[in-house]
There are 4 protein chains.
Amino acid sequence: MKNEASAILLISCPDQQGIVCAVTDFLMRHNGNIIDLEQHTDTEEGAFFMRVEWELDGFALPRDQISEKFGLIADRHQMKAELHFSDYRPRMAIFVSKFSHCIHDLLARWHTGECNADIPVIVSNHPDLESLAKMYGIDFRLIEITKEDKAAQEEKTLELMREYSIDLIVLARYMQILSNDFCANFPNRIINIHHSFLPAFVGAKPYHSAHQRGVKIVGATSHYVTSDLDEGPIIEQEVMRVTHKDSVENLIRKGRDLEKVVLSRAVWAHLQNKVLVYKNRTVVFN
Amino acid sequence: MKNEASAILLISCPDQQGIVCAVTDFLMRHNGNIIDLEQHTDTEEGAFFMRVEWELDGFALPRDQISEKFGLIADRHQMKAELHFSDYRPRMAIFVSKFSHCIHDLLARWHTGECNADIPVIVSNHPDLESLAKMYGIDFRLIEITKEDKAAQEEKTLELMREYSIDLIVLARYMQILSNDFCANFPNRIINIHHSFLPAFVGAKPYHSAHQRGVKIVGATSHYVTSDLDEGPIIEQEVMRVTHKDSVENLIRKGRDLEKVVLSRAVWAHLQNKVLVYKNRTVVFN
Amino acid sequence: MKNEASAILLISCPDQQGIVCAVTDFLMRHNGNIIDLEQHTDTEEGAFFMRVEWELDGFALPRDQISEKFGLIADRHQMKAELHFSDYRPRMAIFVSKFSHCIHDLLARWHTGECNADIPVIVSNHPDLESLAKMYGIDFRLIEITKEDKAAQEEKTLELMREYSIDLIVLARYMQILSNDFCANFPNRIINIHHSFLPAFVGAKPYHSAHQRGVKIVGATSHYVTSDLDEGPIIEQEVMRVTHKDSVENLIRKGRDLEKVVLSRAVWAHLQNKVLVYKNRTVVFN
Amino acid sequence: MKNEASAILLISCPDQQGIVCAVTDFLMRHNGNIIDLEQHTDTEEGAFFMRVEWELDGFALPRDQISEKFGLIADRHQMKAELHFSDYRPRMAIFVSKFSHCIHDLLARWHTGECNADIPVIVSNHPDLESLAKMYGIDFRLIEITKEDKAAQEEKTLELMREYSIDLIVLARYMQILSNDFCANFPNRIINIHHSFLPAFVGAKPYHSAHQRGVKIVGATSHYVTSDLDEGPIIEQEVMRVTHKDSVENLIRKGRDLEKVVLSRAVWAHLQNKVLVYKNRTVVFN
């Protein structure tokens, strides 16, 4: 279906008349065949968001001129615009600690071709999952972190990210809090999975807290990592029913399936360039 | 929010370049402020669908000239286009038999102002729910139907619909099959609720069949009525988990909540002019 | 099915060997035919919970001797035991303010016979819903509350509850906080609906908070009212997916359907004597 | 928690007084500490079902005498009773073709210790997934099947099952129909995953059919394999919402997550000895 490469524009700007018209007119003038167009107006914020995807085959502008030419329209409407190409394979690093269900799931998707990214390296603060990395033939880097050496180890990690030209970091149950400095290097490019239905049960041991509170539904949340722990823009959430019969152990076991699917959906949406962040919220196009 | 009246265009046409551009350009040229725009391309069918809503306030064309002026664009792109105004209150008839949960729910929504329609008449083949109609001050018409007088009674019903200028018929667990002739008078304007997850368990007693088959989830389906029983275009479905502990009685009891919410969502989407039918399927805009 | 009256025992006690055996042996010795038996052991707390229902027809003990005779077993196992009869119709008061969707739903269920209770009185701090009470032929009592007269008005309300012999109070979006003193009169017999997925978004305007936080799922929670606002034992919760397209208005509209169904399920479970409270949590038997 | 071994009885018999009492009395007399007890009465069928699990530590009967001693009670109540021990690790064979998402998921669970079974062999009619088997160090047996050699190849497969002492066969998207003869060797011990919400869309290409019908929800079903294709007793089902925007390709992609979780839940329930089959339905204890 989408065998041929396409271009994607992600646009946000103040709401005003004529934006859709301006963008679609631009594409039509250069003979662009729109595959998908989705827009959203947040009337409360007076903000406009749009994702448009069109075939590169037959498009009159070469790739390296699109940004420049579209810049005229972007400027006129005070747009922030991101341009992506569907045939670019982002480079993704996975950070893990000891729990393996999320990384198992991500690697299986990558292995079967469902995950449109390269995964050149797995980073961990524990040696446990090295053999799993090996099974899949992916580099494994152990970077242990103590209170004392945290800054240095993060610097080392950052160096590693540069070395591997990493676009996206996925925290697949990584049990270390990244510093603001580290996060600042990857704005909206670090995705975390938290094992609760945020904002309920922030912090450690959310299944224990959920059990303690006696909730009838538990959840998992995937979000971009910001300097505020568990407070970043939410990309995806999912929940399931539980009962008084579910022990904490059971919640943890069942919850793993939530975590896996929520994280993988968030990563998928990000890799499809379907996520826009504004005011600590996300627009996730369909 | 949408206190002011708006206009809505529902468009379907063969997929081709420049449609979004043509429509948005038309609106911009007449100073139309777009409130909402959603489009869908079915690449398999080569079909394009669009719903666009814009403010009438400030729009340069008077209402009665919109269709004509837009006709030029519609013709050029072989569009089928429907024009609606948000301040038109459709006139809705509810057909019932003996079960009252769905009509109770519809009337409560109407009573609280959630349902943007007038309900001038309730039609039934049983006298049971006359007092309910009275509670809400709505005309109740008993039209009993036997095998012998079906054609005549349907003609009478049809006459009633004309008399009350009915736009939309809602079958709220109406236990009579409408003839093709009757249905032909209201294409995509009769909404039914079926108490199963179609296409599973068509026909009578679906909860019994579901129980018999031992399914772990049951559902309800709302669809437009066509000449093929339970085969019309599906507008909305919802499901819930059940277990071996749920007797048929329990399925029936729990299922009522599904039926209510599924029917009301379908009616709501229809009244918001968010539903387009093609090839026995629906596009339900968000 | 359950046309004949049955007896229900709700039991909680420290976990120990032989409890199920002791209870079922007691019933068998008096020729009791068990209709339903459900038990739960909380191994962390070392606590045991059980609900057993049996036919009164053929049972060798008259109703008024069951408690006494069972007391011997209860004492031996340090049980707290409640005895209920299925043919007792609890008397339920509904408290409302201005929003009517929950009470509409409860009254419809009562009207169709789904709600196994009498509803002799509706209490409100606003006059708005008097006509709705009248439609259903139920007494309506306006008890306006100001900061100054709160204690006196609650005393008056309490008097009213006694006058009507109320067993259960349902707060159907009642926008007044009941004092601890008032609540102490109805331990585990006041059910509230909160329009969020607790413990997320306690307090006022939860849909606004949910929108602000950008969650992808919203919920509703029904719980027993205790002295801690929004902190009582949760009986039932339900959620639904939302997107960035859902304005606060939309969340409020869609959320009404959650609130209705969650509240009605909680009331139903309570009326079926299926809820046991311990440590601020509930056991809700199936 | 359940570090120590436990015994599990799965019982079905005609409904009658005193069964729970008889079973719990038996356990108490031999000093058995009940960990979990769940019972279900199907009043329509007059059938009784029970699962009881108790600690072996401290139980007065040695394992090999339990069946015999319990036989007296079983006979008196015409029970069919299965006895299992929690520390027995069933031996499971996975059958696959080309799709790998389900087997990937099962193997990951096995690898992390979530799946309480040994997986000595993977059988396939295609060579594609041999490398995956190798990654996990599991024997891979290619048994290609044509119309002509089906009987012989099934015989060979059966021989393999004996050789590996297989208790349970899991069809993880195995695209071959097993003959009645083969199935008869593993009654209620072959679990299949079907990629639709049965009984909707039996047979091949269910996602295409679902798309064609325009359903708003799709599902997956796990069931025991019987001689009637797609008609065996359902163990577990799950669904997800879809819209008109979901192409068939999208349904297939999203559906994989349903298939994985539904199959793994069914396998888990089976391995926990929580499933009883009667009249082509299942009782799945909690």
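If you're wondering where the values come from, they're calculated on a predicted model, not measured in any experiment.

Enquirer: Which residues make up the interface of chain D and chain B, and what values do they have?
Expert: Taken residue by residue, the interface counts 37 residues in chain D and 36 residues in chain B. On the chain D side of the contact with chain B, Arg213, Lys216 and His244 of chain D bury the most area, a combined 23% of that side's loss. At the boundary of chain D and chain B, one finds six salt bridges. Linking chain D with chain B are 22 residue pairs in polar contact (both at pLDDT 80 or more), by the criterion used here. Mapped onto the side of chain D that touches chain B, the elements with two or more residues apiece are β2 (34-42), α7 (206-213), β11 (234-241), α8 (248-271) and β13 (281-284) of chain D. Here the element with the most residues in the side of chain D that touches chain B is β11 of chain D; it accounts for seven residues. Counted by class, the side of chain D that touches chain B contains 15 nonpolar, 11 polar and 11 charged residues.

Enquirer: Just give me the short version of unusual backbone geometry, but keep the residues and values in it.
Expert: Along the chain, Leu198 of chain A connects to Pro199 of chain A via a cis peptide bond; the corresponding omega equals 10°. Here Pro199 of chain A shows up in the loop between β9 (190-194) and α7 (206-213). In this model, Asn273 of chain B sits at a positive phi of 55°, which is unusual for a non-glycine residue. By the secondary structure assignment, Asn273 of chain B is in the loop between α8 (248-271) and β12 (275-278). Take Asn273 of chain B: its relative accessible area is 14%, and that puts it in the buried class.

Enquirer: Outline the relation of the copies chain A and chain D, listing residues and values.
Expert: Of the transformation placing chain A onto chain D, the axial shift is 0.0 Å and the rotation is 180°, giving an RMSD of 0.0 Å. These values place the two chain copies in the arrangement generated by a two-fold rotation axis. Ranked by how close their C-alpha atoms come to the rotation axis, the residues of chain A are headed by Met135 of chain A, at 3.0 Å. Most of the interface of chain A is mirrored in chain D, where 100% of its interface residues are also at the interface.

Enquirer: Lay out the environment of Phe99 of chain A in plain terms, naming residues and giving numbers.
Expert: Residues and elements named next belong to chain A. Looking at where Phe99 falls in the secondary structure, it is placed in the loop between β5 (91-96) and α3 (101-111). Its relative accessible area of 41% is what places Phe99 among the partly exposed residues. Taking the C-alpha atoms as reference points, Phe99 and Glu159, separated by 60 residues in sequence, lie 25 Å from one another. The contact partners of Phe99, leaving out residues within four places of it in the chain, are Leu129, Ala172, Arg173 and Met175.

Enquirer: With reference to specific residues and values, describe the sheet that holds strand β8 (residues 168-171) of chain D.
Expert: Residues and elements named next belong to chain D. Strands sit in the order β7-β6-β5-β8-β9-β10-β11 across an open sheet of seven strands; the sheet is mixed. Looking at the sheet topology across the chains shown, the edges are occupied by β7 (139-142) and β11. Neighbouring strand axes in the sheet, compared pairwise and without regard to direction, differ in orientation by 20° on average.

Enquirer: Explain the domain arrangement of chain A to me, using residue names and the numbers behind them.
Expert: All names here are of chain A. Parsing chain A into structural domains produces domain 1 (6-85) and domain 2 (91-284). Spacing between the C-alpha centres of domain 1 and domain 2 amounts to 31 Å. Every contact between the two is made by 13 residues of domain 1 and, on the other side, nine residues of domain 2. Each partner contributes to the roughly 900 Å² buried at the junction of domain 1 and domain 2, and carbon and sulfur atoms together form 54% of this total. Put simply, domain 1 and domain 2 have three salt bridges between them.

Enquirer: Describe the relation of the copies chain D and chain B, with residues and values.
Expert: For the pair chain D and chain B, the best superposition has an RMSD of 0.0 Å and corresponds to a rotation of 180° with a translation of 0.0 Å parallel to the axis. Interface overlap between copies is the fraction of interface residues in one copy that are interface residues in the other; for chain D against chain B it reaches 97%, indicating a shared surface.

Enquirer: Describe the interface of chain A and chain D, with residues and values.
Expert: Contacts between the two partners involve 24 residues from chain A and, on the opposite side, 24 residues from chain D. Taking both partners together, chain A and chain D bury about 2,100 Å²; carbon and sulfur atoms supply 48% of that area. Here chain A is connected to chain D by eight salt bridges. Glu114 of chain A is the salt-bridge partner of Arg256 of chain D, the closest N and O atoms lying 3.0 Å from each other. Inspection of the region where chain A meets chain D yields 10 residue pairs in polar contact (both at pLDDT 80 or more). Breaking the side of chain A that touches chain D down by element, the ones donating at least two residues are β2 (34-42), α3, α4 (130-135) and α8 (248-271) of chain A. The element that contributes the greatest number of residues to the side of chain A that touches chain D is α8 of chain A, accounting for eight residues.

Enquirer: Can you tell me about the nonpolar core, naming the residues and giving the values?
Expert: Core analysis: the largest hydrophobic core is formed by 181 residues, its most contacted members being Met92 of chain A together with Met92 of chain D. When near neighbours in sequence (up to four residues on either side) are disregarded, Met92 of chain A contacts Leu106, Cys115, Ala117, Asp118, Ile119, Pro120, Val121, Ile166, Leu168, Val170, Val267 and Leu271 of chain A. Grouped together as the second largest cluster of nonpolar side chains are 51 residues, Val52 of chain A together with Val20, Ile66 and Phe70 of chain B included.

Enquirer: Which residues make up the pairing of strand β1 (residues 6-14) of chain D, and what values go with them?
Expert: Residue and element names in this part refer to chain D. Counting buried positions over the nine residues of β1 gives eight, a clear majority of the element. Looking at chain direction, β1 and strand β3 (residues 47-55) are connected through nine bridges and run antiparallel. Within β3, the residue paired with Ala7 across the bridge is Trp54. Alignment of β1 against strand β4 (residues 80-85), held across six bridges, turns out to be antiparallel. For Leu9, the partnering residue across the bridge sits in β4 and is Leu83.

Enquirer: An account of the side chain of Asp230 of chain D is needed here, citing residue identities and associated values.
Expert: Structurally, Asp230 of chain D can be placed in the loop between β10 (217-224) and β11. If near-sequence neighbours (up to four positions away) are discounted, Asp230 of chain D is found in contact with Arg213 of chain B together with His194, Leu198, Val202, Gly203 and His223 of chain D.

Enquirer: With reference to specific residues and values, describe the packing of α8 of chain B against helix α8 (residues 248-271) of chain C.
Expert: Helices that pack against each other are described as a pair by the angle of their axes relative to one another and the distance between those axes. α8 of chain C packs onto α8 of chain B with a crossing angle of 170° between their chain directions and a minimal axis gap of 12 Å. Overall, the two elements α8 of chain B and α8 of chain C adopt an arrangement that is roughly antiparallel. Together, Arg253, Asp257, Val261, Ser264 and Trp268 of chain B of α8 of chain B and Arg253, Asp257, Val261, Ser264 and Trp268 of chain C of α8 of chain C make up the contact between the two elements.

Enquirer: Account for the pattern of salt bridges, naming residues and giving values.
Expert: Using the criterion set out here, one finds 102 salt bridges over all chains in the structure. The shortest N-O distance in the salt bridge between Glu159 of chain A and Arg162 of chain A comes to 3.0 Å. Here Glu159 of chain A pairs with Arg162 of chain A, and both are found in helix α5 (residues 150-163), just three residues apart, close to one helical turn. Among the ionic pairs, Glu259 of chain D bridges to Arg173 of chain D, the shortest N-O distance being 2.7 Å. Of this pair, Glu259 of chain D sits in helix α8 while Arg173 of chain D sits in the loop between β8 and α6 (180-184); the two residues are 86 residues apart in sequence, bridging distant segments of the chain.

Enquirer: Tell me about the pairing of strand β2 (residues 34-42) of chain C, residues and numbers included.
Expert: All names here are of chain C. Most of β2 sits inside the fold, with seven of its nine residues counted as buried. Across eight bridges, the pairing between β2 and strand β3 (residues 47-55) is antiparallel. Counterpart to Thr41 in the pairing with β3 is Phe48. Hairpin connection between β2 and β3: a loop of four residues separates the two successive antiparallel strands, and Gly46 in this loop has a positive phi of roughly 65°.

Enquirer: Quick rundown of helix α3 (residues 101-111) of chain B? Include the residues and the values.
Expert: Residue and element names in this part refer to chain B. Where burial is concerned, most of α3 is hidden: nine out of the 11 residues are buried. Where α3 is concerned, the buried positions are His101, Cys102, Ile103, His104, Asp105, Leu106, Leu107, Ala108 and Arg109. Positive phi appears at Gly113, one or two residues downstream of α3, with a value of about 85°.

Conventions used here
Residues numbered from 1 in each chain as written. Chains lettered and ligands numbered in written order. Predicted model: local features only at pLDDT ≥ 70, side-chain atom pairs only at ≥ 80, totals over all residues. Heavy atoms only, no water. Contact = heavy atoms within 4.5 Å. Buried area = accessible area lost by both parts, 1.4 Å probe. Salt bridge = Lys/Arg side-chain N within 4 Å of Asp/Glu carboxyl O. Polar contact = N/O pair within 3.5 Å; in protein donor to acceptor, adjacent residues only side chain to side chain. Helix = DSSP H or I, 4+ residues; strand = E, 2+ residues; numbered from the N terminus. Nonpolar A, V, L, I, M, F, W, Y, C, P; charged D, E, K, R; others polar. Buried < 20%, exposed > 50% of the residue type's maximum accessible area, 1.4 Å probe, protein only. Least-squares fit on C-alpha atoms with pLDDT ≥ 70 in both. Pairing = 2+ DSSP bridges. Axes fitted to C-alpha atoms, helices over the stretch in contact; angles between N-to-C directions. Domains from an automatic or database assignment. Core = buried A, V, L, I, M, F, W, Y, C linked by side-chain atoms within 4.5 Å. Parallel < 35°, antiparallel > 145°, perpendicular 65-115°, else oblique.

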